[in-house]
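What follows is each chain in one-letter form.
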Amino acid sequence: MAEKRGGQRPGAGRPRREDARRRRVAVLLRDEEFAELDRLATAEALPLGSVARDLVVGGLRHAAVRLPPPTGPSDRARPRLQAAQEALLDALRERDAQGLPDQPRLAHIYLGALRVLGDQRNPDRLHLAAYNLRELMDFLPRVLNLPTASRPPHIATKARQLESHWAKARSGDCHEGAEWSGEIDGPLRGFLRAADTFFSWFNEDFPTRREEAPRTLRGLDPSPTPPPAHVEERHAAAWVEIYRYFNAATHHKRTEERELRESLAVLEHFLLDRLRPSTFADQDEIDRLLSESG
Amino acid sequence: MTSPTDAQIKKALELIGRGGASSAYFFEKLNSPAWIGPLHAKGFFRSPAPARRTGDLIEFPVWPESRCLVRILEAHPAAADVVLEVLLKLPSTDNDRVLEDVIDSALLMPGSHAARVASWLGRVVEPRTALYLNLGPKTGRLVGHLATSQRGGGALALAGTLLTPMRTEGTGRPTSRLIFEVPTKLRGFDYEGALELLVAPLVEATGLRGLDFLSDILDRFIEQSLSSPHPPNDLSYSWRAAVEEHEQNRSAIDLKSKLVASIRDAAEALVEAGDASLGEVVEFFEGRKWSISQRIALHLLRVAGSGEMEMVGKRLTDPGLFHESGCRHEFMTLMTASFGRVSAAEQASVLALIDAGPHVAHLRRRWVDEDESEDPHREERRRRCWQRDWLHAISDNLPASRQEELQKLIREGGDPNHPEFPVFSSGVWHGPTSPKEATDLAGMSAAELVGFLSSWAPGEELRSSSPEGLSRTLAAAVAEDPERFSVLARDFRDLEPEYVRAVFDGLRQAVSGGKSFRWEEALMLAASVLRKPAEPISPYFRWNDRDPGWIWTRKSIAALLGEGLRAEECSVPHRLRADVFSLIDELAKDPNPPFGPHESVEKGERDPAEESINTVRGEALHAAVRYALWVRHELEREEDAAGKLSGGLDSMPELRILLDRHLDPAHDASPAVRSVYGQWFPWLVLVDPGWAAAASEKVFSRDDLGTAAWSTYLRFCRAYTNVYLPLRSRYASAVEDLASLSGSDVYEKPEQHLGEHLIMLHLWGALEAGGDVALLDRFFELAPDQLRMTTIDFVARSLYHAAEDGQEVSDEIVERLKPLAMKRLAEAEAAKSPAAYSHELSAFGWWVAAPCFEECWVLDLLLRVLRLTRRVMPDHLVAGRLVAVSDANLSKAIECFAMLMRGTDDRWVIGSFISEALELLERGVQSGDDGVRQQAVRVAHEMEARSHHGFRKIWDLYNSDAN
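Counting restarts for each chain, with residues numbered from 1 along the sequence as it is written. Chains carry letters from A onward and ligands carry numbers from 1 onward, assigned in written order. Local features are withheld for residues below a pLDDT of 70 in this predicted model, meaning they are given only at 70 or higher, and side-chain atom pairs are given and counted only at 80 or more; totals for whole chains, interfaces and linings count all residues.

Enquirer: How should I be thinking about the overall build of chain B in this particular structure?
Expert: Numbering of helices and strands runs from the N terminus, with a helix taken as a DSSP run of H or I at least four residues long and a strand as a DSSP run of E at least two residues long. If you tally the helices and strands in chain B, you get 54 helices and two strands. This radius of gyration counts C-alpha atoms alone. The globule rule is 2.2 Å times how many residues there are, raised to the power 0.38. Computed over C-alpha atoms, the radius of gyration of chain B comes to 40 Å, more than 25% over the 30 Å expected from 2.2 N^0.38 for 963 residues, which places it beyond the range of a compact globule. Taken along its principal axes, the extent of the C-alpha atoms in chain B is 105 × 100 × 45 Å. In this scheme every C-beta is placed from the backbone, and a residue whose C-beta has 20 or more other C-beta atoms within 10 Å is buried, one with 12 or fewer is exposed, and one in between is partly exposed. Every one of the 963 residues in chain B was classed for burial, and the buried ones make up 44%. Contact between two residues is assigned whenever their backbone-derived C-beta positions fall within 7 Å. Counting only contacts in chain B whose residues sit at least 6 apart along the sequence, the fraction spanning at least 24 positions is 74%.

Enquirer: Honestly, the overall build of chain A in this entry has me stumped. Any pointers?
Expert: When its secondary structure is counted, chain A shows twelve helices and two strands. The order of helices and strands in chain A, counted from the N terminus, is α-α-α-α-α-α-α-β-β-α-α-α-α-α. Counting the 294 residues in chain A, one finds 37% classified as buried. Nonlocal contacts in chain A, meaning residues at least 24 apart in sequence, comprise 67% of its contacts between residues at least 6 apart.

Enquirer: Would you explain unusual backbone geometry in this entry?
Expert: Glycine aside, residues mostly have negative phi, and peptide bonds are mostly found in the trans state. All names here are of chain B. With omega at 0°, the peptide bond leading from Pro 231 into Pro 232 counts as cis. Along the chain, the position of Pro 232 falls in the loop between α11 (208–225) and α12 (236–239). Even without glycine at this site, Gln 150 takes up a positive phi of about 60°. Examined against the element boundaries, Gln 150 turns out to sit in the loop between α8 (135–148) and α9 (152–163). For His 418, which is not a glycine, the phi torsion comes out positive at approximately 50°. Residue His 418 is classed as partly exposed on the basis of its C-beta count, with 15 C-beta atoms lying within 10 Å.

Enquirer: I tried to follow the interface of chain A and chain B on my own but got confused; where do I start?
Expert: Many descriptions give the size of an interface as the accessible area lost when the pieces come together. Counting residues at the interface gives 38 residues for chain A and 51 residues for chain B. Counting only elements with at least two residues in the side of chain A that touches chain B, the list comes to α10 (229–250), α11 (257–275) and α12 (279–292) of chain A. Following the grouping adopted for this structure description, the nonpolar residues are Ala, Val, Leu, Ile, Met, Phe, Trp, Tyr, Cys and Pro, the charged ones are Asp, Glu, Lys and Arg, and the polar ones are all others, Gly among them. Here the side of chain A that touches chain B is built from residues that sort into 17 nonpolar, eleven polar and ten charged.

Enquirer: What's the story with helix α30 (residues 577–587) of chain B in this structure? I'm lost.
Expert: An α-helical turn contains 3.6 residues, so a residue and the one three or four places further along point in the same direction. Listing the buried residues of α30(B) in full gives B:Val580, B:Leu583, B:Ile584 and B:Leu587. Projected onto a plane normal to the axis of α30(B), the buried residues spread over an arc of 100° and lie on a single side. In this context, the arc is that of the directions from the helix axis out to the C-beta atoms.

Enquirer: Would you explain helix α41 (residues 751–763) of chain B in this entry?
Expert: Residues and elements named next belong to chain B. In this analysis, the expected span of each helix is defined as 1.5 Å times one less than the number of residues it contains. A rise of 1.5 Å per residue sets the reference length of α41, with its 13 residues, at 18 Å; its end C-alpha atoms lie 19 Å apart and thus fit the reference within 8%. Counting buried residues along α41, ten of its 13 residues qualify, which places the element largely inside the surrounding structure. Inspection of α41 places Glu 751, His 753, Leu 754, Gly 755, His 757, Leu 758, Ile 759, Leu 761, His 762 and Leu 763 among the buried residues, and these make up the whole buried set. Those residues of α41 hidden inside the fold are in contact with α39 (704–716), α40 (721–737), α42 (766–769), α43 (773–782), α44 (785–804) and α45 (811–830).

Enquirer: How should the nonpolar core be read in this particular structure?
Expert: Across soluble globular proteins, nonpolar side chains show a tendency to be buried alongside one another. All names here are of chain B. We define a nonpolar core as a collection of buried residues of the types Ala, Val, Leu, Ile, Met, Phe, Trp, Tyr and Cys that are connected via C-beta atoms lying within 7 Å of each other. Grouped together as the largest cluster of nonpolar side chains are 151 residues, with contacts concentrated most on Ala 624 and Phe 897. A total of ten residues in this core trace back to one element, the largest contributor, which is helix α33 (residues 616–637). Every residue in contact with Phe 897, bar those within four places of it in the chain, is listed here: Ala 879, Leu 882, Ala 917, Leu 920 and Val 939. If you look at the next biggest cluster of nonpolar residues, it comprises 112 residues, including Leu 142, Tyr 191, Ala 266 and Leu 301.

Enquirer: Where do I start with the environment of B:Ala80 in this structure?
Expert: Residue and element names in this part refer to chain B. Checked against the element boundaries, Ala 80 lands in helix α5 (residues 80–88). In this structure, the C-alpha to C-alpha distance between Ala 80 and Pro 110, residues 30 residues apart in sequence, is 7.9 Å. Setting aside anything within four residues of it in sequence, one finds Ala 80 in contact with Leu 73, Met 109, Pro 110 and His 113.

Enquirer: Looking at this structure, I do not really get the packing of helix α28 (residues 519–530) of chain B against α30(B). What am I missing?
Expert: Packed helix pairs are characterised by how far apart their axes lie and by the angle those axes make with each other. Residue and element names in this part refer to chain B. Fitted lines through C-alpha atoms give the axes, limited to the stretch in contact for helices. The angle between two N-to-C directions lies from 0 to 180 degrees. Between α28 and α30, whose axes approach to 11 Å, the crossing angle comes to 30°. In terms of their interaxial angle, α28 and α30 are classed as roughly parallel. Classified by chirality, the crossing of α30 by α28 is left-handed. Residues Leu 523, Ala 526, Ala 527 and Leu 530 of α28 form the contact with α30, whose own contacting residues are Asp 579, Leu 583 and Glu 586. In terms of residue class, the contact of α28 with α30 is built from five nonpolar, no polar and two charged. For classification, angles of less than 35 degrees are called roughly parallel, those exceeding 145 degrees roughly antiparallel, those between 65 and 115 degrees roughly perpendicular, and all remaining angles oblique. Here a crossing is called left-handed whenever its near helix is offset anticlockwise from the far helix by less than a right angle, and right-handed whenever the offset is clockwise.

Enquirer: Which parts of the structure should I look at to understand the confidence of the model for chain B?
Expert: Across chain B, pLDDT averages 90, with 93% of residues at or above 70. In the predicted complex, the global pTM is 0.74; the interface-specific ipTM is 0.74. Per-residue confidence from the prediction method is given by pLDDT, with values spanning 0 to 100.

Enquirer: Mind showing me how you'd approach the packing of helix α48 (residues 855–868) of chain B against helix α50 (residues 890–902) of chain B here?
Expert: All names here are of chain B. Orientation of α48 relative to α50, taken along the N-to-C sense of each, is 30°, at an axis distance of 10 Å. Classified by the angle their axes make, α48 and α50 are roughly parallel. The handedness of the crossing between α48 and α50 comes out as left-handed. Side by side, α48 and α50 meet where Leu 859, Leu 862, Leu 863 and Leu 866 of the first sit next to Lys 892, Ala 893, Glu 895, Cys 896, Met 899 and Leu 900 of the second. Across the contact of α48 with α50, the residue classes tally to eight nonpolar, no polar and two charged.

Enquirer: Sorry if this is basic, but what is going on with the environment of B:Cys852 here?
Expert: Residue and element names in this part refer to chain B. Its location among the elements puts Cys 852 in the loop between α47 (844–849) and α48. Accessibility expressed as a C-beta count within 10 Å gives 19 for Cys 852, which makes it partly exposed. Residues Cys 852 and Glu 808, 44 residues apart in the sequence, show an inter-C-alpha distance of 8.1 Å. Excluding residues within four positions of it along the chain, Cys 852 makes contact with Leu 799, Ala 803, Val 809 and Val 814.

Enquirer: I would appreciate a short explanation of the confidence of the model for chain A in the present structure.
Expert: Interpretation of this model should avoid reading the predicted coordinates in detail wherever pLDDT is low. Residue and element names in this part refer to chain A. Put simply, chain A has an average pLDDT of 76, and 69% of its residues get 70 or more. When pLDDT is averaged over each helix and strand of chain A, the minimum, 35, is found for helix α3 (residues 60–64) and the maximum, 95, for α12. Overall, residues 1–15 carries pLDDT values under 50, and its contacts beyond four positions in sequence, including any with other chains, amount to 17 contacts.

Enquirer: I tried to follow the environment of B:Ser343 on my own but got confused; where do I start?
Expert: If you trace the backbone, B:Ser343 turns up in the loop between α18 (328–338) and α19 (344–356). When the C-alpha atoms of B:Ser343 and B:Gly549 are compared, they prove to be 70 Å apart, with 206 residues separating the residues in sequence.

Given below as structure tokens:
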């Protein structure tokens, strides 16, 4: 796809907008992971175009941790998963098993996304995979019991209450034809008050995805101490970015495999770091780094 | 020290980005100042973690970056420049833990750097209305650091920000009619802590300027605390009785008082060090507008003015100071200490002032306030007392002629009563006291004792001995020697009620203590009391250490009978059966409690069962049931006991009449009395099952009276299978009543015990035998979540404690319980919202903890419960049990533990089972199953990520085994 648009080398001469997006999204990715993806894409003939080779197979460092070999029933249709993907799938399965029986199964959603993404015969695979990945992000707080703002389902009821005030205001003296004029009368004052109450309620209970993202990420992170604020902000921005990307792809906006896989890799990183933290290995790395630097 | 390379910085960013645990660990371990600059450039050390507010609670999270700076400075003092640069760029923060780190950093810096940090801190703290944690004392320490580093200006500025009272709209909370509490940024103890740390170095560095600064703060306090500030009257005699440390300084939490002590110490130190002369300091204080400053000046003259008698003499002969009551304490103590050393002329002046007498107009105004009565001699009497006080103050140095005058004045008006204090506080009242000890009473002959009790009258003084005190002492004497006092009982019959009551109270205590006495005499005294009129307490009765007639004595008699009929040893002899019943019958006619519904009980202010043991008739009914058991006990010893016992109340017809009479609402509609039937119902079934079955409808009727009995029955009695049969329909209707149970809080409500009864009846098979198996299901269907929880909790908790006591639980019980648990779980799993079962499910923790259930079943149960709810109680016992059952299925046990761990953010909860967690994971990592080993190490990683340390051992074991 990207080759068609110019056949450039990965990263060379991309549109500026994409670079910015990539910078925001790829907050967790490392150079060696990009290189590893190149190797994998060639060696294992992953269905990636030349641009897609620029992408990441998420969580390669997790492969260094002694993870179990892929397990589960033999299934010819199952895509070949990287160790980190296996680990994430295992983590999601574990959390699914610990959840309520009627809850959506995160592992199924994730595996479904990977399968459909790997199915070269499916012409709509990118959009379908994006749909599942967006669903995965949507269901995470519910299945993992993460703190979220309450989203009461009765917004329609609230809106109807507001509408009744609106109807009264329109029938007041301030409104004639399509025009509003004069001093605020009783009905209009009532509407304005009701609108004030409505929007206070709305803002409190319906945070934007940008506001919700830090809460989700903090909920996913087992540590009681959050990362530094600017790191957390960058993560939240990347989280929202990939969500928006999956959402757009779900709605059949123009989607490229490279971008989709990149977003997938970031999502996998986010989840694996938090659901399967390798705390001691990380600590060992930190100790090494600090002792090397003196 | 080399700077990190770009690659190392990049690697650090990647590691920090892996989550909160990695980032916290990085900053915990970072110890090189060379990293600070590069990381700062990348955005670190710039955004302090904010305080978290939840309702009224505020939490100050640790900010690892600020902690890191303190640690680096401790190890590398030369890093002060780079740390200063970072700190000065910090934005304002509401996180006091971060501010503590900032102060700790500043304390490790040279004064020039610390002053710049202090300036930043002052700007941050200035708009705050409250400072928390240890911020007050720490800031005090920083002020001290600045002061000792020759940064007096900075020290004063920061101290001002910290200590100056906040300006408020209007006045603060009143602490008295005239004085208001003054708001400050620091709470009392923190304020005091800050003062202790900063005042000495501050004044040492800044001299009189520092004293001026502190005195200005004190002035602000005084101005803001007075409802009507008019210098010099600061009312300091009420909030700081003495400038020196003195037990009369009772306003321990008054910050003004703390400031006075600090200023006093600083002024003394200043003079002692020679940094200012006594004259300079005294004049400084005398130049201020409030009395307290004048008082400090007088205090200084007393403690440091021995070489400055000219200054002292000048003050002692100053008529203004002499008559200024606000300075009385310091002036009079200075007078006492120095009168003998001032010149003869000055002594004469003082005596002349005393001879002239007080400023009568002023005192007259006060005297009239105190006593409105007309007394033509009062003014002269007060004047002479005033002169006595002053002469007494200088009595060590009075000439002989004036000594005689003083003695005469003392003979007239008594000894002076702390005249050096305008207001002197003393004394605490501990309760009624007796004019005699119990041993004194025991040592008196009968005639002496009765004579004393008849003739003794309490004094009029406050806190003097009272009849109630004497009554209590008499009761103690009776309890000690009941035999003697029972013999004397008849001599007491004409005494006041409180003393007769004391006899019965003492005898009851004696019975409880296993002592015997002559019941005949006691019963005769009781009979004589019952012949007196039984009058209810007047609504206008106000207790004044006297009993309100005979009602309390009657209640004491009923209580004595109940105790005597209950006691195995020294109980009432059976030959007195008729006398005993006669008394009970008479007491059961008492109008206390009212025969109709009682307002306080109706309003729910008083529980009927509680009312029953605090009223005469209630106690009489309790005694009546004990009478039945007492008679039954005697019948058991007789020939043909079985036949007589089967006759039930036929063998005590007098009691049947009494019980039936008070069960008739037309005769007795007191809920308190009816509650007695409920409390004793199982024993009434024991005495006469037929009567109990026939009466059960009446006892537990569906009206308020029956409800009082039913509630009391549920609360006081456990379930009995033989009692269930006559009460089947009542249990069924009680279950149906749950549908209308309002409110979610069921603790301490009778319904809480309904579930306990039903589940026990189920375990014993009584529900099944009665064809009422569905009753328990119906209970769970209608009961709210918290009520279901108490039931589920109760049964398993009982099993747990039974096992702890070494009792075995039968298989039959276990097998009856398991399906119940599965049924409850299945219902919760099928429910739309498991949240509606959260309390009930959490109580299944006790089922896990109870050792009577087998391992595999427990693990399956816990897994299912944890899927539905994240929390089970009691977590630590559940964790312990997980270790115990892990042999059955180690993987499941670890999975359960992981869910427990994720179910709470409360560090204290997880902290309570860390050792169990370690043991379980150690077993896991040492198992032969690679999957279980990985599972264990995953949980260990997560525990460490959650800041529960000590799990690296698991990781090390995993790696060593793998290698």
